[in-house]
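Here's the letter readout for the chains.
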Amino acid sequence: MESNVHVHSMTSLKEICRGLPLYPLPENKGQRKGIPHAPVRTPNLTAQEKKLALRNALRYFPPEIQKKLAPEFGEELRLYGHIYMYRFFPDIEMRAYPIAEYPCKTKSAAAIMLMIMNNLDPSVAQFPQELVTYGGNGQVFSNWAQFWLVMHYLSEMTEEQTLVMYSGHPLGLFPSHRDAPRLIITNGMVIPNYSTRDEYEKMFALGVTMYGQMTAGSYCYIGPQGIVHGTVLTVVNAGRRYLKAEDLSGKVFVTSGLGGMSGAQAKAAVIAGCVGIIAEVDEAALLKRYKQGWLMEISNNLDHCIARLRDARKNKIALSLGYHGNVVDLWERLLYELDTTGELLVDLGSDQTSCHNPFSGGYYPVQLGFEEAKQLLSTNPGKYRTLVQESLRRHVAAINKLADKGMFFWDYGNAFLLEAQRAGADVEKRGGNKTEFRYPSYVQHIMGDIFSLGFGPFRWVCTSGDPQDLATTDSIAMSVLEDFIRQGVSTSVKQQYHDNIRWIREAGRHSLVVGSQARILYSDQRGRVSIAVAINRAISEGRIKAPVVLSRDHHDVSGTDSPYRETSNIYDGSAFCADMAVQNFVGDAFRGATWVALHNGGGVGWGEVMNGGFGLVLDGSKEAEKRAKMMLSWDVSNGVARRCWSGNGYAYETICQTMKENPMLKVTLPHKVVDENILEEAMKY
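Residues numbered from 1 in each chain as written. Predicted model: local features only at pLDDT ≥ 70, side-chain atom pairs only at ≥ 80, totals over all residues. Heavy atoms only, no water.

J.: I'd like a rundown of helix 16 (residues 442-452), residues and numbers included.
T.: For helix 16, the tally of buried residues reaches nine of eleven residues, placing the bulk of the element in the interior. The set of residues buried in helix 16 consists of Tyr-442, Val-443, Gln-444, Ile-446, Met-447, Gly-448, Ile-450, Phe-451 and Ser-452. Against the buried residues of helix 16 lie helix 7 (225-242), strand 12 (456-462), helix 18 (491-509), strand 13 (517-523), helix 21 (622-645) and helix 22 (649-661). The positive-phi residue at the C-terminal boundary of helix 16 is Gly-454, with phi of around 90°. (Buried < 20%, exposed > 50% of the residue type's maximum accessible area, 1.4 Å probe, protein only. Helix = DSSP H or I, 4+ residues; strand = E, 2+ residues; numbered from the N terminus. Contact = heavy atoms within 4.5 Å.)

J.: Break down the environment of Thr-231 for me, citing the residues and quoting the values.
T.: Along the chain, Thr-231 falls in helix 7. Thr-231 sits 38 residues away from Ala-269 along the chain, and the two C-alpha atoms are 8.2 Å apart. Residue contacts for Thr-231: discarding those within four places in its chain leaves Ala-264, Gln-265, Ala-268, Gln-352 and Tyr-412.

J.: Explain the UniProt feature "domain: Urocanase C-terminal" (unreviewed entry) in the protein residue by residue, including any values.
T.: Here the UniProt feature "domain: Urocanase C-terminal" (unreviewed entry) sits at residues 449-655. Along residues 449-655, the helical share is 50% and the strand share 17%, with 14 Å between the first and last C-alpha atoms. (UniProt positions renumbered as here; feature names shortened; annotations may be inferred.)

J.: Account for unusual backbone geometry, with residues named and values stated.
T.: Pro-24 follows Tyr-23 through a cis peptide bond whose omega is 0°. Along the polypeptide, Pro-24 turns up in the loop between helix 1 (2-16) and helix 2 (47-58). One non-glycine residue, Lys-244, adopts positive backbone phi at about 55°. Tracing the sequence through the fold places Lys-244 in the loop between helix 7 and strand 6 (252-256).

J.: I'd love a proper account of the nonpolar core, names of residues and values included.
T.: Grouped together as the largest cluster of nonpolar side chains are 152 residues, with contacts concentrated most on Phe-61, Phe-88, Ile-116, Phe-147, Tyr-219, Trp-460 and Trp-503. Ranked by residue count, the leading element in this core is helix 4 (residues 107-119), at nine residues. Among residues more than four places away in sequence, those in contact with Phe-88 are Leu-20, Pro-21, Leu-22, Leu-25, Pro-26, Phe-61, Leu-69, Phe-73, Trp-144 and Trp-148. Within the second largest apolar cluster, 57 residues are counted, among which are Val-281, Val-327, Leu-334 and Leu-376. (Core = buried A, V, L, I, M, F, W, Y, C linked by side-chain atoms within 4.5 Å.)

Below, the structure is given as structure tokens:
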């Protein structure tokens, strides 16, 4: 029986690699029933632009087929605001197959294929048929023709070629050399003056640019595990900072969103030991997390939610409860309880609605039910926008009153406070600069210092697909960190290592793998390099059966310039500059990355951020070890050096320590202005 399964998947993968299926054309089954679909887009194209969108889509096909496809592509544009090419949705079980099953000439290409298929796996992807991995609009590709072409190119690729991707479109295979990246991705590289949301909707509909979020468009998403870890660290460190508590039992964390990224909040609350109440308007997303076991309970009744909250709080029970309804109703009910009983039932609060995309289905207004809101979004986007802004004002008003009584709220880097400010809500920080609000972003108060120590979301994928390989890498990573602690490290670094050792132990227990056999942990430069070298050696010794792909979230020390999130704790005026992310992409490319990606948008939204990522294939060779040492060192030191120059004390200490360890590293260090009076004096002239 086993061998039949194996042969079937090989056949299917071979077909996927043959290029666009044109003779005969596959049957057009349209949007499949029973799976979630992306919200309808409203690009407001002129008649001329609609023709251009069709012309652009049809250029993937020879003239004899264009006549058949033109009407259905026109229909997709009219119904969905985009041409996804549903006819070409592949009839294959979309998942990360073991690397050996991909019909490729190089292991690197097979690894990339595995990562792409994982991003589109229905158990991982938010809207699989629209090629959206997470965040409501984080595309892997713009249409299905691009998927077929990319898989074909990868199957043909040699170590002397590089595949070039322009915002979802495969420009082609170009001659290069063995040490060059096998794949270069850019997404959304729009000239700054034209990088607006309205222009984006148009350009995406025309098929000429794409929003890759972060790891959607760089093929490095590992399911919600990545954000679970980040959320656990955030909640634990929020408890330390705001509540002065190491133990969060009996503490209540209220937030919203159970989608591609936000779904992690339920699992993270339980791992952190607190009571998590998470609101979600979309029942499909809620049920997906419940069936996965990430949500312990669900309810659409606020009375029931409050009763369960009181009970879990009193008895110090770790709980994740999904409220099927709008988070504004939940916040207003918590305020009502405070007003009527004098009891503050919430300790920590945040928000993970997709506020980077508030007027296209990322935030649903409290005044309407979910289906009603979706209807209005497609029929009257202007009215929808007005309701969203009114809802945001109510949302913030309730949070403000609860915060005044002692709840601690932070912005989760989803542009919630930015959009609330634009809607006229009271979120201003008196005397603050333009990246500061009444509430901190989680980077400003929690993750920023972690980044400055060089710690960030390092991750790897075992391409064998064997859970045993993942268990081996887990124990390798733990022993590396335990060795460092024994050798002696600073208190702040030691705490991070301890948190991450605990995380790996918990991760194994909480069945966090969705899709590929992957693990994430927050590590610094020394940890990343040592773990990579140890894993590579284990591959060469046969203790791990197949190559391992190293990667990270773009949300990292050096990967992202985002003034309202990753670089929100940079106060020298350079928070709006993107040199770091661009330099990182270029530096990774020539230091040994297997592939690199650079994106506009991601996290807080289009035009608000530049970010990049990489994939690096470890195959057990000496060359792979050399590449990992060189590339991973740059990938961390770049951002630490920049954070040091901006005046961060932790980053200063970290980069000085790194320079001691590597005499080839020489970083320009800042001198502090010791006497502030000289500035005042200079102003007089």
